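Take a look at the letters that make up each chain.
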Amino acid sequence: MASFSYKGRDSRGGEVEGTLDGGSAAVVADILFGRGITPLQITEAERQGGGFFTALFKPAIEHIDILLFTRQIHTLLKAGVPIMRALLGMQESNPNQSMKQLIGEIRDSLDAGRELSASFARRPKVFSPFYLAMVRVGEVTGMLEEIFLRLFYHMEFQQFMRNQVKSALRYPTFVVIAMVVAITIVNIFVIPAFAAVFKGFNAELPMMTRVLLASSGFFVSYWWLMLGIVIAAVSAFRTWIGTARGKHDWDRLKLGIPIAGKIIEKATLARFASSFALATRSGVPVVQAMSVVAMTVDNDYIARKVEGMRETIERGESVLRAAMQSKVFTPIVLQMIAVGEESGSLDEMMDEVSGMYQREVEYELKTLSAQIEPILIVFLGVLVLVLALGIFLPIWDLSKVTTGRR
């Protein structure tokens, strides 16, 4: 189904324009006549110019764009602005052309009689299943304004977590890249230069030196093979995690990675607790909330654990029993769930769980560089020691022989 831009006049004679999806221009014209709009011009959107290059350089819709969109729509709805007028104002003031187009599509969809959640659902790559589910809850309960505010805080927390991880990994990543570049330069330029000197010794070289010369020779002669192996390994890995089984196994293995695994697990559980609290506070039944929350944890292994909790609750067990059987929560968290279930304030307790995990993740991220630094220093020290012994041992032996002859 193609997208068409149109210009026309409404029943009052005012000019209107927008975009509509339809099988042909005639179909779009029939839709416009049905709305009381007399079309003056209908053009297929793909023919408006730009073509390949326009699509290539078109700005992407980022997480921050949807975050700001959510906050703006909450503010406008709270101020009593009608949804169509609110979207029009947001469309006109947004600097991102992709967001302008998105908001225009939402307006056209609403104008065609669809609900807001159904309009969002037409762009599944932009709006997550959790986002759509919460908007549906807001439409049913009449709490749409409050739902958008809660979604904003939820997405803000996710953005904060991403920024913290990027900040913590910036220094270790730089060090690792520098080490890889240094090893490459040493193997290509430094060791071959010393190899020419060692050949003139006419003596048996130390084991470390022979290993370095062999590794450097292999690196120089078969770099294309090593590059091919790396590319093949990356392609195989991406193919593997692209399968359902591979994604599940990789998400499980990630949780066991030293240092990083516990951060990933705590961040995932913080996201689960925050989403579950938001869903239950908004009036979503516990069983349905589990299904919705499973889509937000961003870890297939934990998501299956959450689905297992949902099945346990469906059999009549309590949330506490389901959490215990999942074996992913600490005893302290289980106690908080028990208190929340008994007091009828499970959403508040899950907020506390989310906050506790969030604080732990923040602490782990702040100390991440300090935890990685000793490992990097040891590895760098071993690398320097191997290079020093391999290069300077033959020179040292030669100086001893020369001194002895004198």
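I will try to describe carefully the structure that is included in this document. (Residues numbered from 1 in each chain as written. Predicted model: local features only at pLDDT ≥ 70, side-chain atom pairs only at ≥ 80, totals over all residues. Heavy atoms only, no water.)

### Quick look at the overall build of the chain
- Per the secondary structure count, the chain includes 18 helices and three strands.
- Split into buried and exposed, the 406 residues of the chain put 38% on the buried side.
- Here the analysis covers contacts within the chain between residues at least 6 apart in sequence; of these, 59% occur between residues at least 24 apart.
- Of the roughly 23300 Å² of accessible surface on the chain, a fraction of 62% belongs to carbon and sulfur atoms. (Helix = DSSP H or I, 4+ residues; strand = E, 2+ residues; numbered from the N terminus. Buried < 20%, exposed > 50% of the residue type's maximum accessible area, 1.4 Å probe, protein only. Contact = heavy atoms within 4.5 Å. Areas by Shrake-Rupley, 256 points an atom, 1.4 Å probe, with all protein chains shown as cover.)

### Re the packing of helix H3 (residues 63–78) against helix H4 (residues 83–93)
- Across the interface, H3 lies against H4 with an axial gap of 10 Å and an inter-helix angle of 135°. Our classification of the angle between H3 and H4 gives oblique. Along this stretch, H3 crosses H4, giving a crossing that reads as right-handed. For the pair formed by H3 and H4, the contact residues are Phe69, Gln72, Ile73, Leu76 and Leu77 on the first element and Ile83, Ala86, Leu87 and Met90 on the second.
- For the contact of H3 with H4, a count of residues per class yields eight nonpolar, one polar and no charged. (Axes fitted to C-alpha atoms, helices over the stretch in contact; angles between N-to-C directions. Parallel < 35°, antiparallel > 145°, perpendicular 65-115°, else oblique. Left-handed = near helix turned anticlockwise from the far one by under 90°. Nonpolar A, V, L, I, M, F, W, Y, C, P; charged D, E, K, R; others polar.)

### Here we look at the pattern of salt bridges
- Summed over all chains, the structure comprises 13 salt bridges.
- Ionic pairing is found between aspartate 251 and lysine 254, a salt bridge with its closest N-O pair at 3.2 Å. Within this pair, aspartate 251 and its partner lysine 254 are both found in helix H11 (residues 244–254), separated by three residues, close to a single helical turn.
- Aspartate 251 gets classed as buried once you look at its relative accessible area, which sits at 2%.
- When its relative accessible area of 19% is taken as the criterion, lysine 254 is described as buried.
- The salt bridge partner of glutamate 360 is lysine 266, with a shortest N-O separation of 3.3 Å. Taken together, the residues span a long stretch of sequence, with glutamate 360 in helix H17 (residues 346–366) and lysine 266 in helix H12 (residues 260–281) at a distance of 94 residues.
- Here the residues in one salt-bridge network are Lys262, Lys266, Glu360 and Glu364, joined through shared partners. (Salt bridge = Lys/Arg side-chain N within 4 Å of Asp/Glu carboxyl O.)

### Overview of helix H7 (residues 129–141)
- For H7, spanning 13 residues, the distance from its first C-alpha to its last is 18 Å, which sits close to the expected 18 Å at 1.5 Å a residue.
- Among all positions of H7, only Phe130, Tyr131, Leu132, Ala133, Met134, Val135, Val137 and Gly138 are buried. (Expected span 1.5 Å × (residues − 1).)

### Considerations on the nonpolar core
- Phe69, Phe120, Tyr131, Phe272 and Phe329 are the most contacted members of the largest nonpolar core, which has 76 residues in total.
- Counting residues per element, this core draws most heavily on helix H8 (residues 144–199), at 11 residues.
- Within the second largest apolar cluster, six residues are counted, among which are Phe4, Tyr6, Val28 and Ile37. (Core = buried A, V, L, I, M, F, W, Y, C linked by side-chain atoms within 4.5 Å.)

### As for a nonpolar patch on the surface
- Together, Phe218, Tyr222, Trp223, Trp224, Leu225, Met226, Leu227, Ile229 and Ile231 give the surface a local cluster of nonpolar side chains, amounting to about 910 Å² of exposed area.
- It is helix H10 (residues 223–241) that provides the largest number of residues to the nonpolar patch, a total of seven residues.
- Considering the arrangement of structural elements, one finds tryptophan 224 in helix H10. (Patch = residues over 30% accessible without salt bridge, like charges linked within 9 Å, V, L, I, M, F, W, Y side chains within 5 Å.)

### So, the packing of H11 against helix H14 (residues 300–314)
- Interaxial distance between H11 and H14 falls to 7 Å at its minimum, and their mutual angle equals 95°. If you check the angle between H11 and H14, you find them roughly perpendicular. Residues Ala244, Lys247, His248, Asp251 and Arg252 of H11 pack against Asp300, Tyr301 and Arg304 of H14.
- Class assignment of the residues belonging to the contact of H11 with H14 gives a composition of two nonpolar, one polar and five charged.

### So, the layout of surface pockets
- The computed volume of the second largest pocket comes to approximately 970 Å³.
- Lining the second largest pocket are 37 residues, with Gln158, Met161, Arg162, Arg271 and Asp298 positioned closest to its centre.
- Among the elements that line the lining of the second largest pocket, the one with the most residues is H8, at eight residues.
- Taken together, the residues that form the lining of the second largest pocket break down as 25 nonpolar, seven polar and five charged. (1 Å grid on protein atoms, 1.4 Å probe; cavity = no way out; pocket = protein on both sides within 12 Å on 5 of 7 lines; lining within 4 Å. Points joined across faces, edges and corners; volume = space filled by probe spheres on them.)

### Brief notes about unusual backbone geometry
- Phi at lysine 327 is positive, roughly 60°, even though this residue is not glycine.
- Position of lysine 327 among the secondary structure elements: in the loop between helix H15 (319–326) and helix H16 (331–343).
- Lysine 327 gets classed as exposed once you look at its relative accessible area, which sits at 74%.

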